[in-house]
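# Structural overview
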There are 2 protein chains.
Amino acid sequence: MNYCSHCGSAVTLRLPEGDNRLRYTCQQCGRIHYQNPRIVAGCLPVHGDRVLLCRRAIEPRYGYWTLPAGYMENGESTEEAALRETLEEARAKVELRQLYTLTSIIHVNQVQLIYLANLPHAEFGSSNETLESRLFSEDEIPWDELAFTTIRNALQYYFADRKASPPAFPLRHIALSPDQDDLILVK
Amino acid sequence: MNYCSHCGSAVTLRLPEGDNRLRYTCQQCGRIHYQNPRIVAGCLPVHGDRVLLCRRAIEPRYGYWTLPAGYMENGESTEEAALRETLEEARAKVELRQLYTLTSIIHVNQVQLIYLANLPHAEFGSSNETLESRLFSEDEIPWDELAFTTIRNALQYYFADRKASPPAFPLRHIALSPDQDDLILVK
Ligand SMILES: [Zn+2]
Ligand SMILES: [Zn+2]
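Presented here is an overview of the structure given in this document. (Residues numbered from 1 in each chain as written. Chains lettered and ligands numbered in written order. Predicted model: local features only at pLDDT ≥ 70, side-chain atom pairs only at ≥ 80, totals over all residues. Heavy atoms only, no water.)

Turning next to the interface of chain A and chain B. Listed as interface residues are 42 residues of chain A and, on the opposing side, 42 residues of chain B. Viewed at the interface, chain B and chain A are joined by 4 salt bridges. Residue E73 of chain A pairs with R23 of chain B through a salt bridge whose shortest N-O separation is 2.5 Å. At the junction of chain A and chain B, the tally comes to 25 residue pairs in polar contact (both at pLDDT 80 or more). Broken down by secondary-structure element, the contributors of at least two residues to the side of chain A that touches chain B are β4 (38–47), α1 (78–90), β8 (95–105), β9 (110–118) and β11 (172–176) of chain A. The leading source of residues in the side of chain A that touches chain B is α1 of chain A, at 5 residues. Residue classes in the side of chain A that touches chain B are distributed as 17 nonpolar, 16 polar and 9 charged. (Contact = heavy atoms within 4.5 Å. Salt bridge = Lys/Arg side-chain N within 4 Å of Asp/Glu carboxyl O. Polar contact = N/O pair within 3.5 Å; in protein donor to acceptor, adjacent residues only side chain to side chain. Helix = DSSP H or I, 4+ residues; strand = E, 2+ residues; numbered from the N terminus. Nonpolar A, V, L, I, M, F, W, Y, C, P; charged D, E, K, R; others polar.)

Structure, rendered in structure tokens:
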């Protein structure tokens, strides 16, 4: 950040009064420009004993498989964001069950929320961001071609949790740092 | 937003290729400036049968009671944010139990995460943002002097949930729109 988005003057890093972090501060109008993590919301769509994955049509990780997920927008809830991304990326209409993974991806300033979801009809497709969507049974999952650590985690938890009797899908709370994150690419 | 934070030129609202929302876009360097919800993380600290509240020393809702919570920063996890805010605002060291409420506050573009937490020692205080901290039993809660709808929700759920046998504290997933939000002030 070099310039104030309000008045266009130069910003400098300063410690605001009462704060304990340097913030980009406008020398002209005095506005403080905070920078905060962003939320990525998505789904793990389940159809019978199979799950829906999307093959990425965009970088990073072009051609690798992922769950439908993307940045939450202003003016929507986390659930609405997860449903919207699933519709946009996989052309799939799902019913949300519950929040399943919450991952703080510390080195890229993201918090990723993945909802467990039912895909009632086997209808899905491709999009600007997705080369193809496909249902996978557990033994078909392309573990070596998954796009991100968070996706691998969600799938590993899911296939383990559904073997419990009765199946239980507690919220998985994860914090990823770079040394634990061998798949995600740092932007 | 009026100017590009990267190059200082004017921005205009445009529809980027492949997008379906207008975005602030720089006419000079082409950068797209996305705007996304921010995360507020905090705690519901429990000490015996009492909970810890903080009386706000800042606007909005100066003088009203709240739970310790604040904006998540880059470079930390949601749990770290909740612990940090509790230490900064209430001078209290807590042990996190589990995520308890997740509220999308749609009209202010926030997602609030409140963790249930144990306060092992009755040690707490005031700060820049807190006039005083105090432990409250259920019948002492100042329901008419709470700062925000989200705080009232968390406390109402907590006192109801701990009466269950055995006590159970499932994640409460909430989406607030302005008509359901009689306490929070729109910024
Ligand atoms: Zn300025
Ligand atoms: Zn620019």
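Still more to cover.
Quick look at the coordination of the zinc ion (ligand 1) now. Residues and elements named next belong to chain A. Within the protein, the zinc ion (ligand 1) binds to C4 (SG), C7 (SG), C26 (SG) and C29 (SG); these donor distances fall in the range 2.2 to 2.3 Å. One way to put it: the 4 donor atoms around the zinc ion (ligand 1) meet at angles of 96 to 118°, and that makes the site tetrahedral. When the donors of the zinc ion (ligand 1) are listed by position in the chain, the intervening gaps give C-x2-C-x18-C-x2-C. Taken as a pair, C7 in the segment before β1 (11–14) and C29 in the loop between β2 (23–26) and β3 (32–33) lie far apart in primary sequence, 22 residues in all. For C29, a relative accessible area of 31% corresponds to the partly exposed category. (Donors = N, O, S within 2.8 Å, 3.2 Å for Na, K, Ca; no water. Tetrahedral: all angles 85-135°; square planar, octahedral: opposite > 155°, others 65-115°. Buried < 20%, exposed > 50% of the residue type's maximum accessible area, 1.4 Å probe, protein only.)

Using the criterion set out here, one finds 20 salt bridges over all chains in the structure. A salt bridge links R23 of chain A to D19 of chain A, with the shortest nitrogen-to-oxygen separation between them at 2.8 Å. Overall, the relative accessible area of 22% leaves D19 of chain A in the partly exposed class. Within the structure, one salt-bridge network assembled from shared partners comprises D19, R21 and R23 of chain A together with E73 of chain B.

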